[in-house]
Amino acid sequence: MQRIGILTSGGDAPGMNAAIRAAVRTARAKGMSVAGYHDGYTGFVENRYTELTSRSVGNVIQTGGTFLGTSRCKAFLDPKVRAESVAQMREIGVEGLVVIGGDGSFRGALTLESEHNIAVAGIPGTIDNDVWGTEETIGFDTAVNTAMRAIDQLRDTGESTGMMFFVEVMGRTSGAIAMYTALAGGAASVVVPEEDEDWTVIARHIKDQMARGKKSHIIVVAEGEQAGGAFAVAGRLGARLDHEFRVVILGHIQRGGSPTMRDRLVASQSGALAVEALHQDRSGFMVGIQHSTPVLVPLKEAVERGHPEPRMDVLALARHIAG
Ligand code: ADP
């Protein structure tokens, strides 16, 4: 393989730049050139790309977001549009594609492989940590650290004033950020989409904590649809608890920021391995992290299996040691 393309797709996540950097430098070391498509599949469809060299990925390892841009691209869902895009891609000599994104982006990559026999490699990049076959997606560690620091700061004021906080973290269908943030931030309680909440039990638990003299109460809420987010949860619990509270929505703050060491490491390992495997004429895989080691996982299996099993052990421990 002489030339590859690379794109970031779906939601952006801190560490995507580190993955692009590792992929580009690995490709250059193997004598391959790299087209960096702008704005995910949108740039792929519109044939918008920049030639990436080892120098063009300098000074990005520490930056959040993705310098290539990202998008959700409706046009790409049309097989005719995909066929035209592949023709353009072949015209500029691109033989394989590295896709950094979540399971939706991987579905897109798989259609290119099955319909047009394009070599594709996936790198899981999403703050939600909701891709099957990997212990950690790029961006998750940074997002959880950001949410944890926010909770540390809320706790300062909570301890001083006795205020209760409902803190909404990201995760519409996955409670991973909420579970890990609750554990690491020492939250009083946590609400996740993986569970049907029993409000009476949660309220009693917090009342018990109050009776034991606990002063600051942080309740972490995943933005998940069925519980309705932090405002809805605060409405339900606030009335039962008869305690002054505030709602804090962390929102897109969790998407940004300089990636942690862990995310830079995972991103660098994943970018390098993805390109090495493409160079060896492998296709249809994603790089997963298993037992802290980068491995190749069949992309089809990752997509078909859907979300990984939620870490209910982390949730249980967060609750168990909530005091
Ligand atoms: P993520 O990759 O973060 O899960 P999305 O689910 O929004 O994000 O997917 C990103 C993009 O991938 C979509 O906008 C679309 O262009 C492409 N995509 C998603 N699902 C498919 C599919 N089944 N077939 C083809 N392309 C898809």
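Since we're looking at a predicted model, the values are computed, not measured.

Comments concerning the overall build of the chain
Working step 1: Secondary structure summary: the chain contains 11 helices and 11 strands in total.
Working step 2: When the backbone C-alpha atoms are referred to their principal axes, the chain occupies close to 70 × 35 × 30 Å.
Working step 3: A buried classification covers 54% of the 323 residues belonging to the chain.
Working step 4: The contacts in the chain between residues at least 6 apart in sequence include a share of 75% that link residues at least 24 apart.

Considerations on the sheet that holds strand β9 (residues 245–249)
Working step 1: Ordered in space as β7-β8-β6-β9, the 4 strands form an open sheet in which the pairing is parallel. Unpaired on one side and paired on the other, β7 (189–191) and β9 mark the two borders of the sheet. Taken over all neighbouring pairs, the strand axes of this sheet differ in orientation by 20° on average, direction set aside.
Working step 2: In this sheet, β9 lies alongside strand β6 (residues 164–169) in parallel orientation, the contact comprising 5 bridges. Looking at β9, one finds that phenylalanine 165 is bridged to arginine 246.

A look at the packing of helix α3 (residues 79–91) against helix α4 (residues 103–116)
Working step 1: Remark: α3 packs on α4, axes separated minimally by 11 Å, with the N-to-C direction vectors making an angle of 80°. Regarding the angle of α3 to α4, the classification is roughly perpendicular. The segment α3 lies against α4, with Pro79, Arg82, Ala83, Val86 and Arg90 engaging Thr111, Leu112, Glu115 and His116.

Quick look at helix α5 (residues 140–161)
Working step 1: Its 22 residues place the ends of α5 32 Å apart at the C-alpha level, agreeing with the 32 Å of an ideal helix rising 1.5 Å per residue.
Working step 2: Those residues of α5 that sit buried are Phe140, Thr142, Ala143, Val144, Thr146, Ala147, Met148, Ala150, Ile151, Leu154 and Gly158.
Working step 3: For α5, the elements touching its buried residues are β6, α6 (176–185), β8 (217–222), β9 and α9 (261–279).
Working step 4: Where α5 ends, the next residue or the one after it, glycine 162, has phi of about 80°, a positive value.

Quick notes on the rules
- Residues numbered from 1 in each chain as written.
- Predicted model: local features only at pLDDT ≥ 70, side-chain atom pairs only at ≥ 80, totals over all residues.
- Heavy atoms only, no water.
- Helix = DSSP H or I, 4+ residues; strand = E, 2+ residues; numbered from the N terminus.
- Buried < 20%, exposed > 50% of the residue type's maximum accessible area, 1.4 Å probe, protein only.
- Contact = heavy atoms within 4.5 Å.
- Pairing = 2+ DSSP bridges.
- Axes fitted to C-alpha atoms, helices over the stretch in contact; angles between N-to-C directions.
- Parallel < 35°, antiparallel > 145°, perpendicular 65-115°, else oblique.
- Expected span 1.5 Å × (residues − 1).

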